[in-house]
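Coordinates in review
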Amino acid sequence: MLETTLTRLADHLSSVDGAVTPALRERSAIARLAAVPLTRTHRAPNYASDLGLRRSDDPGQYLVDAARLVGVDAIEARSAFRPDSVSRAWIAGELSDADLAGHLDCMINFAGLWDDAGALAQFIVDSDKLPATLRSLTYLGTALAAIRDDRTERVFAHLTAATWVTDAESCMSTVRRAAWLTKRRGQHEQAAAILRAERRRLDRAVQQRRLAPADRSALAGVTFNLEALTSVHRGAEVEAARLLLEAEAHLDEGDVVMVDDDHRRRYLAQVRVNRAQLTAQDEHRLQVASLKLDEHLAWTRAHHNESISEAMALAGYLHYRCGRWSDAAALLTEAEAIIIDEGAPSRLTSVRRNLVAAHARAGDDAAAQAVLERLSMDPSGVLRLSA
């Protein structure tokens, strides 16, 4: 196994005495192997698998703050890391495709070194030795997207056309390619056209019995969701609302075979959140949006625990917008505790800011001040978790 400053840091954190947070312990256990785990919990999310190609500073900030809690300087290990140690091993044939993906996983999800991951991806894409697995190429494409490299589209187009990926896998690569075009290049019409063509391809896959009808429905739902974003970018909110309704209907039906059902429920949860957010843009429909979020929160509690914190945070915010400040504070307080356990600093900051406002409007200045102090003194929530 190739050792790096990051794997050594993870190894140390896995064995250190002290109040290592549950999220840091789980992330360190993965990173010390420089491998992509078979399963991961809400405490160790895979930021590199995001269909929207979003770059988050959360893993890096959480690592630094949680490691500091047990007297470990993660900043030094992050600064000392050199991506060329991985690229040299890759070119020398010392790493398999799985190994490469594992090191990229460590760089992104453990250390938050997006720029280093992007530099490594640039080197590999420019070399004569491109990996040939879905996982490794997806990591490379996501890393390129994080540094806004135009070769992002080429990587995902390559995956879409590969004969060794399943139809479901090809669809997800198409979605990532379209996300790159609409979110990073402003090519909204082209992205929408690619998504519509993908649904026609899914129809053919069902006819040829490569996908079950429910698989096609779920995957089509994902494409409708992103197509709605292209409509929002073009200022066509009515069309976006129609597409999101289509997305929800498609994701909420049938028994999937080639699509992971947990993923289907996660995508469904995201679509419902997107519908509520779009509705809430109209001040006259805030009550409708709030009701939708309350119903969605009840659904996540029963069907998808990992989506609860996002639903709860937005439901609390909409209660605040509707003037129900005590209800908002109760939901946001619950969301704060869950997000602390998840180890997501940016989401924690957002929830706490809304919670400060809810307490203040409800007339509880002492509670508002206490949240302000947590926001300032413990941005990642590690001190409260260890208390």
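One structure accompanies this document, and this report is about it. What you see is a predicted model, and the numbers here were worked out from it, not measured in a lab.

What counts as what
Residues numbered from 1 in each chain as written. Predicted model: local features only at pLDDT ≥ 70, side-chain atom pairs only at ≥ 80, totals over all residues. Heavy atoms only, no water. Helix = DSSP H or I, 4+ residues; strand = E, 2+ residues; numbered from the N terminus. Phe/Tyr/Trp six-rings, centres within 6.5 Å; stacked < 30°, edge-to-face > 60°. Lys NZ or Arg CZ within 6 Å of the ring centre and 35° of its normal. Expected span 1.5 Å × (residues − 1). Buried < 20%, exposed > 50% of the residue type's maximum accessible area, 1.4 Å probe, protein only. Contact = heavy atoms within 4.5 Å. Polar contact = N/O pair within 3.5 Å; in protein donor to acceptor, adjacent residues only side chain to side chain. Salt bridge = Lys/Arg side-chain N within 4 Å of Asp/Glu carboxyl O.

On to unusual backbone geometry. Phi at arginine 148 is positive, roughly 60°, even though this residue is not glycine. We note that arginine 209 has phi near 60°; this positive angle belongs to a residue other than glycine. You can see arginine 209 is positioned in the loop between α11 (188–207) and α12 (213–233).

Within the structure shown, the criterion is met by 0 aromatic pairs. A cation over an aromatic ring shows up here: arginine 27 above the ring of tyrosine 62, its NZ or CZ 4.8 Å from the ring centre. Of note, arginine 272 hangs over the ring of tryptophan 299, and the distance from its end group to the ring centre comes to 4.8 Å.

This paragraph deals with helix α16 (residues 308–321). Helix length check: α16 (14 residues) gives 20 Å between terminal C-alpha atoms against 20 Å at 1.5 Å per residue, within 8%. Three or more residues of α16 are buried, namely Ile308, Ser309, Ala311, Met312, Ala313, Leu314, Ala315, Gly316, Leu318 and His319. Here the buried face of α16 lies against α14 (261–280), α15 (286–303), α17 (325–342) and α18 (345–361). Just downstream of α16 lies glycine 323, where phi reads positive at about 90°.

Among the structural elements, threonine 138 can be located in helix α8 (residues 134–146). When near neighbours in sequence (up to four residues on either side) are disregarded, threonine 138 contacts Ala48, Phe156, Leu159 and Arg176.

With that settled, consider the side chain of glutamate 227. Relative to the elements of secondary structure, glutamate 227 occurs in helix α12. A polar contact of 2.7 Å, which involves the side chain of glutamate 227, links it to the side chain of arginine 199. Glutamate 227 has contacts with Ala192, Leu195, Arg196, Arg199 and Leu243, leaving out every residue within four places of it along the chain.

Now for the pattern of salt bridges. Counted according to the given criterion, the structure contains 33 salt bridges. For arginine 32, the salt bridge goes to aspartate 11, with nearest N and O atoms at 2.7 Å. Of this pair, arginine 32 sits in the loop between α2 (22–31) and α3 (58–69) while aspartate 11 sits in helix α1 (residues 5–15), and the two are 21 residues apart along the sequence. Here glutamate 283 and arginine 321 are joined by a salt bridge, their closest N and O atoms 2.8 Å apart. On the criterion of sequence distance, the pair formed by glutamate 283 in the loop between α14 and α15 and arginine 321 in helix α16 is long-range, its members being 38 residues apart. Since its relative accessible area comes to 53%, glutamate 283 is described here as exposed. By relative accessible area, arginine 321 is classed as partly exposed at 27%. By sharing partners, the salt bridges in this structure join Asp167, Glu198, Arg201 and Arg210 into a single network.

What is shown is where atoms sit, not what they do.
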